[in-house]
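Analysis of the macromolecular model
What follows is each chain in one-letter form.
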Amino acid sequence: MATTKRKGGASGSERTNPRVWLYSILLTLQYGAQPLISKRFTRREVIVTTSVLTCEVAKVAYAVILMARDGSLKKVFSQWTLVGSLTASGLPAAIYALQNSLLQISYKNLDSLTFSMLNQTKVFFTALFTYIILRQKQSIQQIGALFLLITAAVLLSIGEGSSKGSSSSDPEQILFYGIIPVLVASVLSGLASALCQWASQVKKHSSYLMTVEMSVVGSLCLLASTTKSPDGEAIRQHGYFYGWTPLTMIPVLANALGGILVGLVTSYAGGVRKGFVNVSALLVTALLQFLFEGKAPSMYCLVALPLVMSSISIYQKYPYQVKKKES
């Protein structure tokens, strides 16, 4: 079965599977366009929690529609168990929730450049946990490709510039409330990504079902947080759809579609390749900013472009090869 092939690395059929490229390209475009779409169609008055919750509901709707379309809806839910759900989706969902909290803490105590660069280390941690959990090894060339990718990500971060200074000049606060949280968040991101890949590829858990389960868990956590959070108070005071317009649904639905694509990319291509999508999306954002806002890409962006292209090509071309034992 495909599971045994993955032990040594990606199979040739997986690397050339058109669906892998289709989902990866669509997710890259969604990630790249999302910042501009959100900026254009989301008013400042919109309460963040309401847009996130609506996005999670939209993800569930997308997933259910897609399962009904491919005929797997009835089978998936007839075989659903609470234990299986918690094993496949509960732990990754909890890990992602903790990761997001750590990122919020870190972002408040680091300048955006340092934050962006440290946040890129999640690619390495994803590769590490993929090896530990799935025994999926990387070739020397693929490891080199990951270093190229990180270099490109750092260049893109520098190109963005430091738009936000650290909120504190205390070195200890920067270390314990800035650097350490973002590094721990990167470790957790790699672990959660590997667990999702394990659930979809080894346990054969439907990516659509995982999306539903993780959205439900995430929504429950968000709803619980509204009891004491500023967003919860704002919702009670102004109403759930405060600041919304019909156009606000555009970034919400686009973000929800991205959530579906993340599950498909992880299922078909693995968590490491999702890292290539994340960095490639930065280039898409720079291109869209040039086309629609007239903001020319920086020299760092132009240098990063061939690095990203080279890293993708090398990673795809030189998978890890299982050495045959001599007879």
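Below is a short write-up of the structure. Since the model is a prediction, treat every value here as computed from it, not as a measurement. (Residues numbered from 1 in each chain as written. Predicted model: local features only at pLDDT ≥ 70, side-chain atom pairs only at ≥ 80, totals over all residues. Heavy atoms only, no water.)

1. Regarding the overall build of the protein chain
The criterion, for reference: Each helix corresponds to a stretch of at least 4 residues labelled H or I by DSSP, and each strand to a stretch of at least 2 residues labelled E; elements are numbered beginning at the N terminus. Categorising residues by exposure relies on relative accessible area from a 1.4 Å probe, with only protein chains included: less than 20% of the type maximum marks a residue as buried, more than 50% marks it as exposed, and the intermediate range marks it as partly exposed. Contact criterion: two residues are considered in contact whenever any of their non-hydrogen atoms come within 4.5 Å of each other.
Across its full length, the protein chain holds 15 helices and zero strands. For the protein chain, with 327 residues in total, the buried portion stands at 45%. Of the contacts formed within the protein chain by residues at least 6 apart in sequence, a portion of 89% connects residues at least 24 apart.

2. Considering the pattern of salt bridges
To be explicit about the condition: For this document, the term salt bridge refers to a Lys or Arg side-chain nitrogen within 4 Å of an Asp or Glu carboxyl oxygen.
Applying the stated criterion across every chain yields a total of three salt bridges. With its nearest N and O atoms 3.5 Å apart, the salt bridge here joins Arg 236 to Glu 233. Highlighted residues: Arg 236 and Glu 233, both in helix α12 (residues 230-238), separated by three residues, approximately one helical turn.

3. Examining the nonpolar core
Under the convention used in this document: Here, the term nonpolar core denotes a set of buried Ala, Val, Leu, Ile, Met, Phe, Trp, Tyr and Cys residues that are joined through side-chain atoms within 4.5 Å.
In terms of nonpolar packing, the biggest core is built from 19 residues, with Leu 146, Leu 156, Val 272, Phe 276, Val 279 and Tyr 315 touching the most fellow members. At the level of elements, α8 (122-134), α9 (140-160), α14 (271-293) and α15 (299-317) are the ones that each hand at least two residues to this core. Looking at this core element by element, the count peaks at eight residues for α9. When residues no more than four places from it in sequence are discounted, the contact partners of Val 279 are Gln 120, Leu 149, Ala 152, Ala 153, Leu 156 and Val 308. In terms of nonpolar packing, the next biggest core, distinct from the first, is built from 17 residues, Ala 88, Leu 188, Ala 192 and Ala 199 among them.

4. Topic: the side chain of Thr 130
Basically, it comes down to this: Definition of a polar contact: a pair of N or O atoms within 3.5 Å, with one able to donate and the other able to accept a hydrogen when the atoms are protein atoms, and with sequence-neighbouring residues admitted only if both atoms are side-chain atoms.
Tracing the backbone through its elements, the reader meets Thr 130 in helix α8. On the accessibility criterion, Thr 130 (0% relative accessible area) is buried. Within the structure, the side chain of Thr 130 is placed 2.6 Å from the backbone oxygen of Thr 126, a separation counted as a polar contact. Those residues in contact with Thr 130 that sit more than four places away from it in its chain are Arg 135, Gln 136, Ala 194, Gln 197 and Val 272.

5. Brief notes about the side chain of Ser 139
Looking at where Ser 139 falls in the secondary structure, it is placed in the loop between α8 and α9. Given the relative accessible area of 7%, Ser 139 is considered buried. If we skip the residues at most four places from it in the chain, Ser 139 touches Tyr 318, Pro 319 and Tyr 320.

6. With respect to unusual backbone geometry
Positive phi is not limited to glycine here, since Arg 135 has a value of about 60°. Inspection of the secondary structure assignment puts Arg 135 in the loop between α8 and α9. Phi is positive for Lys 204, which is not a glycine, with a value near 60°. When you line up the elements, Lys 204 lands in the loop between α10 (171-201) and α11 (207-225).

7. Observations regarding the packing of α11 against helix α13 (residues 249-268)
Which entries qualify depends on this criterion: To get an axis, a line is fitted to the C-alpha atoms, and for a helix only the part in contact is used. The angle between two axes follows their N-to-C directions and goes from 0 to 180 degrees. Under this scheme an angle from 65 to 115 degrees is roughly perpendicular, one under 35 degrees roughly parallel, and one over 145 degrees roughly antiparallel; angles in between are oblique. Should the near helix be turned counterclockwise from the far one by less than a right angle, the crossing is left-handed, whereas a clockwise turn marks it as right-handed. Note that Gly is not counted as nonpolar here; it falls among the polar residues with everything else outside the nonpolar set of Ala, Val, Leu, Ile, Met, Phe, Trp, Tyr, Cys and Pro and the charged set of Asp, Glu, Lys and Arg.
At a closest axis distance of 9 Å, the pairing of α11 and α13 adopts a crossing angle of 130°. One finds that α11 runs oblique with respect to α13. Both α11 and α13 take part in a crossing whose hand is right-handed. Where α11 approaches α13, its residues Ser 207, Tyr 208 and Thr 211 are matched on the opposing element by Gly 259, Ile 260, Gly 263, Leu 264 and Ser 267. Residues that form the contact of α11 with α13 fall into these classes: three nonpolar, five polar and no charged.

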